[in-house]
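So the chains spell out like this:
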Amino acid sequence: MSELGLVMEYFYSTSAVNADLSILLAATTGLTHFVTGIIASYSLAPMAGRLSVIDGTTTIFNIDILIQNLPPVLFPLDNPLNAIQGNSMEIRLSAGGALNTGKLNAFGFSRF
């Protein structure tokens, strides 16, 4: 264990047709979540695409995605988004509409 405490890396992936997608990092006392990258895409141009990152109940990153993404939208974050210590963190991609497959990938680390 270093001065930074125990560090756990993660990579999560999810996909669905015409459904909101969510990657949830659970609230844990003493744990801080960091998102270092997000990859998001839709198979068709979405009706009202949106990518959000939520710290507890506060939205800290929020963009509209209104076109089909080929290649997928990639957000490498040199300065990671982080939750307040002990809070949950959610990465959310809104449903893209009928017959539209959304894909959401997020990676980063959590630290005690």
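Fair warning: this is a prediction, and the values are worked out from it, not measured in the lab. (Residues numbered from 1 in each chain as written. Predicted model: local features only at pLDDT ≥ 70, side-chain atom pairs only at ≥ 80, totals over all residues. Heavy atoms only, no water.)

### Re the sheet that holds strand 4 (residues 49-55)
Sheet strands pair via backbone hydrogen bonds, and the direction of the pair is either parallel or antiparallel. Strand order in the open sheet made by the four strands is 2-7-4-5, with antiparallel pairing throughout. One side of each edge strand has no neighbouring strand; the edge strands of this open sheet are strand 2 (21-25) and strand 5 (58-65). Neighbour to neighbour, the strand axes of the sheet diverge by 10° on average, direction disregarded. Where strand 4 and strand 5 come together, seven bridges link them in antiparallel fashion. Across the sheet, residue arginine 50 finds its bridge partner in strand 5, namely aspartate 64. (Pairing = 2+ DSSP bridges. Helix = DSSP H or I, 4+ residues; strand = E, 2+ residues; numbered from the N terminus. Axes fitted to C-alpha atoms, helices over the stretch in contact; angles between N-to-C directions.)

### With respect to the packing of aromatic side chains
Throughout the structure, instances matching the rule amount to three aromatic pairs. For the ring pair phenylalanine 34 and phenylalanine 109, a centre distance of 4.6 Å and an interplane angle of 15° mean the geometry is stacked. With phenylalanine 34 in strand 3 (residues 32-42) and phenylalanine 109 in strand 8 (residues 101-111), the pair connects residues that are 75 residues apart, well separated along the chain. (Phe/Tyr/Trp six-rings, centres within 6.5 Å; stacked < 30°, edge-to-face > 60°.)

### Section: the pattern of salt bridges
Opposite charge on two side chains permits pairing when their charged atoms draw close. Evaluated as defined, the whole model comprises two salt bridges. With a closest N to O distance of 2.7 Å, aspartate 64 and arginine 50 form a salt bridge. Of the two residues, aspartate 64 sits in strand 5 while arginine 50 sits in strand 4, which places them 14 residues apart along the sequence. On the basis of relative accessible area, aspartate 64 is assigned to the partly exposed category, the value being 46%. (Salt bridge = Lys/Arg side-chain N within 4 Å of Asp/Glu carboxyl O. Buried < 20%, exposed > 50% of the residue type's maximum accessible area, 1.4 Å probe, protein only.)

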